[in-house]
Amino acid sequence: MRDAYQADSLPQNFKLGLSYKFLRSNLHKFTMAMDLTRSLNSEIQVNCGMEYWYSGILALRLGYLNEGGGVTGFAQGIGVRYKGYEVDFASVPWGELGPVQKLSLTIYL
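Residues numbered from 1 in each chain as written. Predicted model: local features only at pLDDT ≥ 70, side-chain atom pairs only at ≥ 80, totals over all residues. Heavy atoms only, no water.

J.: Looking at this structure, I do not really get the environment of arginine 61. What am I missing?
T.: Relative to the elements of secondary structure, arginine 61 occurs in strand S4 (residues 58-68). Exposure remark for arginine 61: the relative accessible area of 25% places this residue in the partly exposed category. For the pair arginine 61 and leucine 10, spaced 51 residues apart in sequence, the C-alpha separation works out to 32 Å. Those residues in contact with arginine 61, other than ones at most four positions away along the chain, are Met50, Glu51, Trp53, Ala75, Gln76, Gly77, Ile78, Gly79, Glu86 and Asp88. Here glutamate 51 takes part through its side chain, which lies 2.7 Å from a polar atom of the side chain of arginine 61. (Helix = DSSP H or I, 4+ residues; strand = E, 2+ residues; numbered from the N terminus. Buried < 20%, exposed > 50% of the residue type's maximum accessible area, 1.4 Å probe, protein only. Contact = heavy atoms within 4.5 Å. Polar contact = N/O pair within 3.5 Å; in protein donor to acceptor, adjacent residues only side chain to side chain.)

And the structure:
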């Protein structure tokens, strides 16, 4: 049985995010985004990034993470979309582990 000293409280934070699409043509799409996070026990953390799509097929991404706990630095990635499938690859800072690689597959039904 856990008492009040062993219990973990839920994180309490306030997050605000903004994005703006600079280009919206059939061939080029460019979006920039930023979010601010303020936890009750920490300072404000800022994350920002940009994404460029060429012809709805190829995506290039670049961002900066400031998640606290040593998770700070640049993240970059690439995505390819074809016939209802999307494959994304990213390299993201992960504190003491250094950069980690993420690979995902999305299937659009």
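Having put the structure on the table, let's press on.
J.: Explain the packing of aromatic side chains here, please?
T.: Working definition: an aromatic ring pair is given by the centre-to-centre distance plus the angle between the planes. In total, this model carries three aromatic pairs according to the counting rule given. Look at phenylalanine 22 and phenylalanine 30: their rings are 5.8 Å apart centre to centre, the planes differ by 45°, and that puts the pair in the tilted class. Judged by centre distance (5.1 Å) and plane angle (70°), the rings of tyrosine 64 and phenylalanine 74 are edge-to-face. Of the two residues, tyrosine 64 is situated in strand S4 and phenylalanine 74 in strand S5 (residues 71-82); the sequence distance between them amounts to ten residues. By way of ring pairs, the aromatic residues Tyr20, Phe22 and Phe30 are connected into one cluster. Lying across the ring of tryptophan 53, arginine 81 places its NZ or CZ 4.2 Å from the centre. (Phe/Tyr/Trp six-rings, centres within 6.5 Å; stacked < 30°, edge-to-face > 60°. Lys NZ or Arg CZ within 6 Å of the ring centre and 35° of its normal.)

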